[in-house]
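Each chain is listed here by its residues.
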Amino acid sequence: MFFCRIDQYSAELEAFLVQYIGSIKKNGKWIDKKIKNPDENQLNYYDNIVGSDFILELEYIKRSLKLLFANLTKNQIDLLGESVFAELMHFRNSGKNDNIIKNAFVKFMCWFYYEFRQVIGNIDSDNPPKILYYGVISNYELSTLAILSSSGCDIVLLRYEGEDRYRSVDADLDKSEKLLLNNSKEFPADFSILAIQQATEEQQYLEQLYRKDKLRVPATNTWLNADFYADVLKLDRERGNDPNTFYNAFIRMTGVEDKKDYCKDLFHLKMELEKKGKTLYILEKITPPTPDEIAKINVGNYTNAIDMIKDLAGKIKCPYPILRNQAQKAFVDCIIEENQNEKGNFSRTKSKAVYLVAWFSRYGRHLFKSEKEENLPTLIYFGICKNSAETLLLRFFASLPLDVLLINPDTQYRCTLTDARLFDIKYNDSMTLDKFPEKIEDVNYGTVAYHAEQDLNTILYQDSGIYRHQQYKDAIAVKLKTMYEEVYLLWDQEVNLRPNFEIIEGKVVIPVIGAKVSGVKNQDVVQYWKDVKKLLVDDCILINETSFYKTTDDKFNSQNAIKNRVLQKGNIIRNRNYKYGIFREEIQDYMLNKLQELLDSELIRGTFTTGIEHSIISIVMDLDKNITRLIQKMDFTKKNPKLVLINTSEKEYGLEESITLAYLYLIGFDIVLFVPTGYRVIEKYYTQQIFTEHLIGEFMYDMKIPSNIQGNKLNEQEEKDGFLKRLLKR
């Protein structure tokens, strides 16, 4: 930390100030000549929260800080409290009486709250807050900056009055350190911070978009006590009485305090909020704006952030002028900050700004139902923020007259939201809950024994190498490159025992085998067929035809199944020829996600260039039932399903067969293709190879598949109805 004073000008200083002021906008405070003395309303507010008594004791100071700043951490309270106490003791040691010391303390506290609230919310962080003061500083102002410096702020004091004037407030010159510059001179007569930093002028320009005199000041979380449920149920009149202030909550509750009562407590919270007459909106998923929602905004061709912010702020739609004014102010502040966070990536800032306008239009009408609601509405977001756009939305809403509550019972998922105003409540226990219990039938009542069993399951099956049946719902197939001999070692092994198996963010990484075996080792045909038969294990399908794909009469029509390269899952599921609706929902999601993955990979030649994507969709939606049954029973941590293909002819596999194999490979099937001829029978339709080729011996031709392998196929009726040969329990 540094607290330096500068009383000379140089080009080096000007360059430094450009960067320093940029840092202040992200995390700091710029004081233009004077800090305004607390007015009567501010002093009354302080008395209402802290009280009129005063004791020059460290614990009293810390207790007062806790009352005024509910969102500060214990370490922040300790840092600030100790710095305040040290400064007040300096006052006493210099002969100041108790009344002067009390007045100084009240002034410090009011300034902290009204002038430096965001600053002190960021002390004790990896990025220390920055403060710039320029002008003639007073005794109390210098003491305030000294306290903030001791608490962890970087401070620059620009002075024009000379060293003698400064000594009148710092006789020993020990509160700040003088910084000497090379090639320095007196400040030019026309020197101006505003002229150095154009962004300040831009900020003033944007402030014209809203009426500053009609704005209410947010007192976010300043009124909170320690009881989350009781606090959010408080009516506005119980939170504070300043008509120019709104007392909103911005709270994140992670984990579960009591598993047995958690669901019931959430349901009762909803009921009590409604009984209090509060408007309540529960949001479980933040979906991107639709093309129609974006089209309604009529986005312009902006060349810079300022023009964009000015235009889009004017598109904030709300029938209530006061609320619209408040929302426009919050929008300007949020997008300016986001533009700085994006470090000049104007395109990303623009996308987020457009999203914010569309989201306010979508969600605002559910939250704000009148111009002057008796009590602030409540937004409950049941989930986590997964990206910066979602965090932007909730930070924006938290700047409005609105309680924003983030509730996430499952501690294994991390929320990306960070904000100095946010009040975090964390519990050690975790619980999986698919949705917020809005109705009594949604409440899952569990006994103590039941939750104890769930805890035991967590201990047994989390990071233990032991996996519960169907524990995971999603997986990623990755190619496992092996030697030929290793195929036989790994083939009938559970995937969790294979190299490179792992769980990443709830997804199973399945190491799969994709092999093409060319030639015959030592030209030993008898041993060759014995090796093939070794792979014919449970849940393995044998295919010895090149044209094994047979379309059915109810072929899937892909006309409305894809738009802008994205599967339209709703249209697919509603298609009258959609066959997979009988499967578990998580398997349906998995199959459709893997179809999207196959399209995105452009593994099949012609995808998104010649219309092959429609063929891919139709083929994947019409897989043989023997294959889909294996997919339906997949357990991603156990043995995976398998295909063995034999091609002794000169025929190539067709497009349909190539698509089927590529899709099943992404699903997580092990696939081995035996080609004794060594011909290129599968590569034609792929843009990249999915099979690792093993050249095991001389190429041999016109080989006949022995009857003991041919006999292991589907019965004649199944062959007639289907197209695959399957081995069962060999």
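Structural notes, computed from the coordinates. Numbers given to residues run from 1 along each chain, matching the order in which its sequence is written. At least 70 in pLDDT is required for a residue's local features to be given in this predicted model, at least 80 for side-chain atom pairs to be given and counted, and no such filter applies to totals for whole chains, interfaces and linings, which use all residues. Computation of side-chain values: all heavy atoms of the structure, hydrogens and water removed.

1. So, the overall build of the protein chain
Right, on to step 1. Secondary structure counts use DSSP, requiring at least four H or I residues in a row for a helix and at least two E residues in a row for a strand, with both numbered from the N terminus. When helices and strands are tallied, the protein chain shows 28 helices and 23 strands.
Right, on to step 2. If you line up the protein chain on its principal axes, its C-alpha atoms span 110 × 65 × 50 Å.
Right, on to step 3. A simple rule labels every residue: compare its accessible area, found with a 1.4 Å probe on the protein chains alone, to the largest value its type can have, and call it buried under 20%, exposed over 50%, or partly exposed in between. Burial statistics for the protein chain: of 730 residues in total, 52% are counted as buried.
Right, on to step 4. A sequence separation of at least 24 residues applies to 80% of the contacts in the protein chain between residues at least 6 apart.
Right, on to step 5. Where accessible areas are quoted, they stem from the Shrake-Rupley method and a 1.4 Å probe; at the residue level, only the protein chains shown are allowed to cover. Counting every atom, the protein chain has about 35600 Å² of accessible surface; 47% of that belongs to carbon and sulfur.
Right, on to step 6. Under the convention used here, Asp and Glu are negative, Lys and Arg are positive, and both His and the chain ends fall outside the count. Each charge is placed at NZ for Lys, CZ for Arg, CG for Asp and CD for Glu. Here the protein chain contributes 98 positively and 105 negatively charged side chains, and the mean placements of these two sets differ by 3 Å. Residues are treated as being in contact if the distance between any of their heavy atoms lies within 4.5 Å.

2. Looking at the nonpolar core
Right, on to step 1. Core analysis: the largest hydrophobic core is formed by 73 residues, its most contacted members being Phe112, Phe116, Leu145 and Leu148.
Right, on to step 2. In terms of residue count, helix 5 (residues 98–114) provides more of this core than any other element does, 10 residues in total.
Right, on to step 3. Those residues in contact with Leu145, other than ones at most four positions away along the chain, are Phe3, Ile31, Phe116, Ile131, Tyr133, Ile137 and Ile155.
Right, on to step 4. Within the second largest apolar cluster, 64 residues are counted, among which are Phe583, Leu599, Ile616 and Leu661. Among buried residues, the Ala, Val, Leu, Ile, Met, Phe, Trp, Tyr and Cys ones that are joined through side-chain atoms within 4.5 Å form a nonpolar core.

3. Description of the pairing of strand 16 (residues 514–518)
Right, on to step 1. Counting buried positions along strand 16 gives 5 out of 5 residues, so the element sits mostly inside the fold.
Right, on to step 2. Side chains Gly514, Lys516 and Ser518 of strand 16 all project onto a buried face; the interleaved residues Ala515 and Val517 project onto the opposite face, where all are buried too.
Right, on to step 3. With 4 bridges connecting them, strand 16 and strand 22 (residues 692–695) associate as parallel partners. When the sheet's bridge partners are listed, Ser518 is paired in strand 22 with Leu695. DSSP calls a pair of strands paired once it identifies at least 2 bridges connecting them.

4. Some points on the pattern of salt bridges
Right, on to step 1. By definition here, a salt bridge exists when the distance from a side-chain nitrogen of Lys or Arg to a carboxyl oxygen of Asp or Glu is within 4 Å. On inspection of all chains with the given rule, the structure shows 39 salt bridges.
Right, on to step 2. In this structure, Arg239 and Asp403 form a salt bridge, with 2.6 Å as the shortest nitrogen-oxygen distance. You can see Arg239 sitting in helix 12 (residues 236–239) and its partner Asp403 sitting in strand 11 (residues 403–408), a full 164 residues away along the chain. With respect to burial, Arg239 and Asp403 carry one shared label: buried.
Right, on to step 3. In the salt-bridge network here, residues are joined through shared partners; they are Glu337, Glu338, Glu342, Arg348, Lys352, Arg395, Asp419 and Arg421.

5. Describing the environment of Thr220
Right, on to step 1. Within the fold, Thr220 resides in the loop between strand 6 (217–218) and helix 11 (228–232).
Right, on to step 2. Placed 149 residues apart in sequence, Thr220 and Asn71 show a C-alpha to C-alpha distance of 9.0 Å.
Right, on to step 3. Ignoring sequence-local partners within four residues, the contact set of Thr220 consists of Asn248, Phe250, Ala398 and Arg421.

6. Re the packing of helix 2 (residues 40–49) against helix 5
Right, on to step 1. Remark: helix 2 packs on helix 5, axes separated minimally by 10 Å, with the N-to-C direction vectors making an angle of 100°. Taken as axis vectors, helix 2 and helix 5 run roughly perpendicular relative to one another. Taken together, the residues of helix 5 that come into contact with helix 2 (itself represented by Gln42, Leu43, Tyr45 and Tyr46) are Phe105, Val106, Met109, Cys110, Tyr113 and Tyr114.
Right, on to step 2. The class makeup of the residues in the contact of helix 2 with helix 5 is 9 nonpolar, 1 polar and no charged. Here the axes come from fitting lines to C-alpha atoms, over the contacting stretch only for helices, and the angles between their N-to-C directions go from 0 to 180 degrees. Roughly parallel covers angles under 35 degrees, roughly antiparallel covers those over 145, roughly perpendicular covers 65 to 115, and oblique covers all other angles. We call Asp, Glu, Lys and Arg charged. Ala, Val, Leu, Ile, Met, Phe, Trp, Tyr, Cys and Pro are nonpolar, and the rest, Gly among them, are polar.

7. Topic: helix 5
Residues three or four positions apart in an α-helix share a direction because the helix packs 3.6 residues into each turn.
Right, on to step 1. Here helix 5 spans 24 Å end to end across 17 residues, near enough to the 24 Å set by a 1.5 Å rise per residue.
Right, on to step 2. Turning to helix 5, the residues buried within the fold contact helix 2, helix 3 (58–68), helix 4 (74–93), helix 6 (117–120) and helix 7 (139–151).
Right, on to step 3. The N-cap residue of helix 5 is Asn97: its side-chain oxygen and the backbone nitrogen of Asn99 are 3.1 Å apart. In this scheme, a helix's expected span is set at 1.5 Å multiplied by one less than its residue total. Pairs of N or O atoms are called polar contacts if they sit within 3.5 Å, as long as, within protein, a hydrogen donor faces a hydrogen acceptor (for residues adjacent in sequence, only side-chain-to-side-chain pairs).

8. Details of helix 21 (residues 525–534)
Right, on to step 1. Three or more residues of helix 21 are buried, namely Tyr528, Trp529, Asp531 and Val532. Seen end-on, helix 21 carries its buried residues on one side only, within an arc spanning 155°. What points out from helix 21, more than 90 degrees from its buried face, is the exposed set Val526 and Lys534.
Right, on to step 2. The N-cap of helix 21, judged by a side-chain oxygen 3.4 Å from the amide nitrogen of Val526 a few residues on, is Asp524. This arc is taken over the directions from the axis of the helix to the C-beta atoms.

9. Looking at a nonpolar patch on the surface
Right, on to step 1. Exposure above 30% relative accessible area and no salt bridge define the residues that can form patches, which grow by joining like charges within 9 Å and nonpolar side chains of Val, Leu, Ile, Met, Phe, Trp and Tyr within 5 Å. Taken together, the side chains of Leu695, Phe699 and Tyr701 make up a nonpolar region of the molecular surface, amounting to roughly 330 Å² of accessible area.
Right, on to step 2. Within the secondary structure, Tyr701 sits in the loop between strand 22 and helix 27 (707–710).

10. Details of the sheet that holds strand 15 (residues 507–512)
Right, on to step 1. If you walk across this open sheet you meet the 3 strands as 13-15-14, and the pairing is mixed. The sheet is open, and its two borders are formed by strand 13 (475–479) and strand 14 (502–504), each paired with just one other strand. Strand after strand, the sheet turns through a mean of 30° between neighbouring axes, direction not considered.
Right, on to step 2. Summarising the sheet, strand 14 and strand 15 pair through 3 bridges and their orientation is antiparallel. Each bridged residue has a counterpart across the sheet, and for Ile503 the counterpart in strand 15 is Val508.

11. Here we look at the packing of aromatic side chains
Given two aromatic rings, one states the distance between the centres and the angle between the planes to describe the pair.
Right, on to step 1. Planes of paired rings set the category: under 30 degrees apart is stacked, over 60 is edge-to-face and the rest tilted, where pairs are Phe, Tyr or Trp rings (Trp by its six-membered ring) whose centres lie within 6.5 Å. One pass over the full model with this rule turns up 28 aromatic pairs.
Right, on to step 2. Their ring planes at 40° and their centres at 6.5 Å tell us that Phe360 and Phe397 sit as a pair that is tilted. Placement of the pair is Phe360 in helix 17 (residues 346–367) and Phe397 in helix 18 (residues 388–397), with a sequence separation of 37 residues.
Right, on to step 3. Think of it as a cone above the ring: NZ of Lys or CZ of Arg counts as a charge over the ring if it is within 6 Å of the ring centre and within 35 degrees of the ring normal. The ring centre of Tyr488 lies 5.9 Å from the NZ or CZ of Lys534, which sits over that ring.

12. Comments concerning the packing of helix 15 (residues 305–313) against helix 16 (residues 321–341)
Right, on to step 1. Look at helix 15 against helix 16: their axes get within 10 Å of each other, and the N-to-C directions meet at 155°. Our classification of the angle between helix 15 and helix 16 gives roughly antiparallel. Our pair here, helix 15 against helix 16, has a crossing hand that is right-handed. Here Ala305, Met308, Ile309, Leu312 and Ala313 of helix 15 come into contact with helix 16, specifically with Gln328, Phe331, Val332, Ile335, Ile336 and Asn339.
Right, on to step 2. Grouping the amino acids of the contact of helix 15 with helix 16 by side-chain chemistry returns 9 nonpolar, 2 polar and no charged. Two helices that cross are described as forming a left-handed crossing if the nearer one is turned anticlockwise from the farther one by less than a right angle, and a right-handed crossing if clockwise.

13. Notes on unusual backbone geometry
Right, on to step 1. Positioned with a positive phi, Asn221 is a non-glycine residue whose angle comes to about 70°.
Right, on to step 2. Mapped onto the elements of the fold, Asn221 is located in the loop between strand 6 and helix 11.
Right, on to step 3. Phi at Asp539 takes a positive value of approximately 55°, unusual for a residue other than glycine.
Right, on to step 4. Relative to the elements of secondary structure, Asp539 occurs in the loop between helix 21 and strand 17 (540–543).

Spatial relationships are all this shows, so hold off on functional conclusions.
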